[in-house]
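Fold and geometry: a report
Residue-level listing of the chains:
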Amino acid sequence: MSRNHVFVLLDGHDVDECDQSRPLLHGRRQHSAGTELTSVSHYVAPPAPPSPVAAPSPTSAEGSAADLSSDAASGGAGTSGLGILCTKLCLGEAVLEEAAAAAGLAAYLLDDAERRGVDTLQCCVRGLTDADCGALAGLLAGPVALRLARLCTLDFGCNQIGCSGATALAPLLGLAPLLKTLRLDSNCIGCRGASALAEAIAAHSAGALASLLLGWNRIGDAGVSELADALGRGGAPRLRELSLEANGLGDAGAEALVRGLAAGGQRLGRLSLGNEVGGNAIGSSGVSALTDAFHVFDELIELRLSNNQVGARGAVGLATALGLGGAARLVRLTLASNRIGPEGVAALRGVGASRAELSIALSLQLAEVGA
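Residues numbered from 1 in each chain as written. Predicted model: local features only at pLDDT ≥ 70, side-chain atom pairs only at ≥ 80, totals over all residues. Heavy atoms only, no water.

**A short note on the overall build of the protein**
Scanning the protein from terminus to terminus reveals 12 helices and 10 strands. A fraction of 86% describes how many contacts in the protein between residues 6 or more apart in sequence connect residues 24 or more apart. Accessible area of the protein: about 14,900 Å², with a carbon and sulfur share of 56%. (Helix = DSSP H or I, 4+ residues; strand = E, 2+ residues; numbered from the N terminus. Contact = heavy atoms within 4.5 Å. Areas by Shrake-Rupley, 256 points an atom, 1.4 Å probe, with all protein chains shown as cover.)

**Topic: the nonpolar core**
Looking at soluble globular proteins, one finds that nonpolar side chains tend to be buried together. One finds F156 and L244 to be the most contacted residues of the largest nonpolar core, which totals 77 residues. Here the element with the most residues in this core is helix α7 (residues 190-204); it accounts for six residues. Here L244 is in contact with L214, G215, I219, V224, L227, L249, L257, S272, L273 and N280, once residues within four sequence places are set aside. (Core = buried A, V, L, I, M, F, W, Y, C linked by side-chain atoms within 4.5 Å. Buried < 20%, exposed > 50% of the residue type's maximum accessible area, 1.4 Å probe, protein only.)

**Thoughts on the environment of N338**
Take N338: it is sitting in the loop between β9 (332-334) and α12 (341-354). The exposure class assigned to N338 is buried, which follows from its relative accessible area of 3%. In this structure the C-alpha to C-alpha distance between N338 and G314, which are 24 residues apart in sequence, comes to 9.5 Å. In this view, N338 contacts L305, S306, N307, N308, Q309, V310 and G311; residues no more than four positions away in its chain are not counted. Within the structure, the side chain of N338 is placed 3.2 Å from the backbone oxygen of A336, a separation counted as a polar contact. (Polar contact = N/O pair within 3.5 Å; in protein donor to acceptor, adjacent residues only side chain to side chain.)

**Here we look at the pattern of salt bridges**
As enumerated under the stated definition, the model contains eight salt bridges in all. With a shortest N-O distance of 3.0 Å, D229 and R233 are connected by a salt bridge. Ionic contacts of the salt-bridge type, sharing partners, join the residues R270, E276, E302 and R304 into one network. (Salt bridge = Lys/Arg side-chain N within 4 Å of Asp/Glu carboxyl O.)

**Some thoughts on helix α11 (residues 311-323)**
With 13 residues, α11 should cover 18 Å at 1.5 Å per step; its first-to-last C-alpha distance of 18 Å lies within 8% of that length. The complete set of buried residues in α11 reads G311, G314, A315, L318, A319, A321 and L322. Down the axis of α11, the sector holding all buried residues measures 165°, keeping them to one side. Counted as exposed and oriented over 90 degrees from the buried face of α11: R313 and G323. Residues of α11 that are buried sit in contact with α10 (284-292), β9 and α12. Positive backbone phi, approximately 95°, marks G325, located one or two places after α11. (Expected span 1.5 Å × (residues − 1). Arc of directions from axis to C-beta.)

**Regarding empty space enclosed by the protein**
Tallied over the entire structure, the rule returns six cavities of 30 Å³ or more. Looking at the largest cavity, the residues that line it are L154, F156, L169, A170, L172, L173, L182, L184 and L197. (1 Å grid on protein atoms, 1.4 Å probe; cavity = no way out; pocket = protein on both sides within 12 Å on 5 of 7 lines; lining within 4 Å. Points joined across faces, edges and corners; volume = space filled by probe spheres on them.)

**Section: the packing of α7 against helix α8 (residues 220-232)**
For the pair α7 and α8, the least separation of the axes is 8 Å and the interaxial angle reads 0°. The angle between α7 and α8 falls in the class roughly parallel. Every residue of α8 that contacts α7 at C191, A194, S195, A198, I201 and A202 is listed here: A222, G223, E226, L227 and A230. A breakdown of the residues in the contact of α7 with α8 according to their chemical character gives eight nonpolar, two polar and one charged. (Axes fitted to C-alpha atoms, helices over the stretch in contact; angles between N-to-C directions. Parallel < 35°, antiparallel > 145°, perpendicular 65-115°, else oblique. Nonpolar A, V, L, I, M, F, W, Y, C, P; charged D, E, K, R; others polar.)

**Quick word on the packing of helix α9 (residues 251-264) against α10**
The N-to-C vectors of α9 and α10 enclose an angle of 10°; their axes lie 8 Å apart at closest approach. Classified by the angle between their axes, α9 and α10 sit roughly parallel to one another. Listed contacts from α10 to D251, A254, E255 and V258 of α9 are S284, S285, G286, A289 and L290. Taken together, the residues of the contact of α9 with α10 sort by class into four nonpolar, three polar and two charged.

**Some words on the environment of T129**
With respect to the helices and strands, the residue T129 is situated in the loop between β2 (120-122) and α5 (130-140). Remark: the alpha-carbon pair of T129 and G165, spanning 36 residues in sequence, is separated by 6.9 Å.

**Here's the deal with unusual backbone geometry**
Even without being a glycine, A236 presents a positive backbone phi close to 50°. Looking at where A236 falls in the secondary structure, it is placed in the loop between α8 and β6 (241-243). Judged by its relative accessible area of 0%, A236 is buried. Look at R339: it is not a glycine, yet its phi comes out positive at around 50°. Within the secondary structure layout, R339 lies in the loop between β9 and α12.

**Some words on the environment of I219**
Position of I219 among the secondary structure elements: in the loop between β5 (211-213) and α8. What makes I219 buried here is its relative accessible area of 2%. It is 4.3 Å that separates the C-alpha atoms of I219 and G190, two residues lying 29 residues apart in sequence. Leave out the neighbours within four places in its chain, and I219 touches I189, G190, C191, A194, L214, V224, L244 and N247.

**Quick notes on the confidence of the model for the protein**
Residues of the protein with pLDDT of at least 70 account for 64%, and the chain-wide mean is 75. A low-confidence stretch, residues 7-80 stays under pLDDT 50, and its non-local contacts, those more than four residues away or across chains, total 151 contacts. Low pLDDT, under 50, characterises residues 365-371; the predicted model gives this stretch 14 contacts beyond four residues in sequence or across chains. (pLDDT = per-residue confidence, 0-100.)

Have a look at this one:
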């Protein structure tokens, strides 16, 4: 039975390219079943916000509020403190007492990951700030640092992490040689945070990193250029999934990314530069850079370009390259809300008819299909 090749949704809705008002939606999706990617990180809805944690008894020498404040100051926790950090991570009173010894919190987190058997440090949707990241990174780089060698996933998505928080977390890449998935999507790390991550990726190789999710972070063309340079110098050689939607990227950022991937030789399976809730500002020039490098993307199975500025010219160029056999393994292309016009629609429909394995999803204004 033949499959549908082109899916058209007539809604005419355009989403702002960098809407930070939907922190729980940005890029949080399950991986499709049966794909070739090996990422072990799947999004699980977080528990309800914890009730305020009662302060440990003042009679306890280790668990007193004064001791926690003192340890927070020595551990670099800033205004948050270890007590508040434990609360944000949904840890109970017993952990608060244990956290009085700075390595206790880090040991607990890693023990919890090992008990669950997933080798994952799950810190998503916890309201973590830059101060929290500084404290947590300091703990993880302390006496329990060797145990980071077993971690495969670090998930800090959907928090309140800025450039200094990302800078504090970046050195953890050098302590986790088996790290396959790094999630920092739906924060606001900016160009400086991306630069710190890029430096860590280049310095430590990040040889096992397969999935890098950085959507909704206001990285911009300059930040993506820094990441691209790190990839071009051989960082993350096994990278298979890269997510950069809603980062204010334009054609310059797309072109820099293509150059970096071409130089570094990474064989991406998934590339997301825009999804159904947020994209970038990539136009026909950026798309042309992508299509010119389709020989580099010979293992690409999914390309997401929704909510950009592809236009008719970019759509026709994309269709032409695909029609000539470019990105031969591509099975899904999304181009929602790109104002590609009737000419672009016709060109992409032609490709959908000629490549039985390829599904193309469009979301068009009525005028674009002649209604």
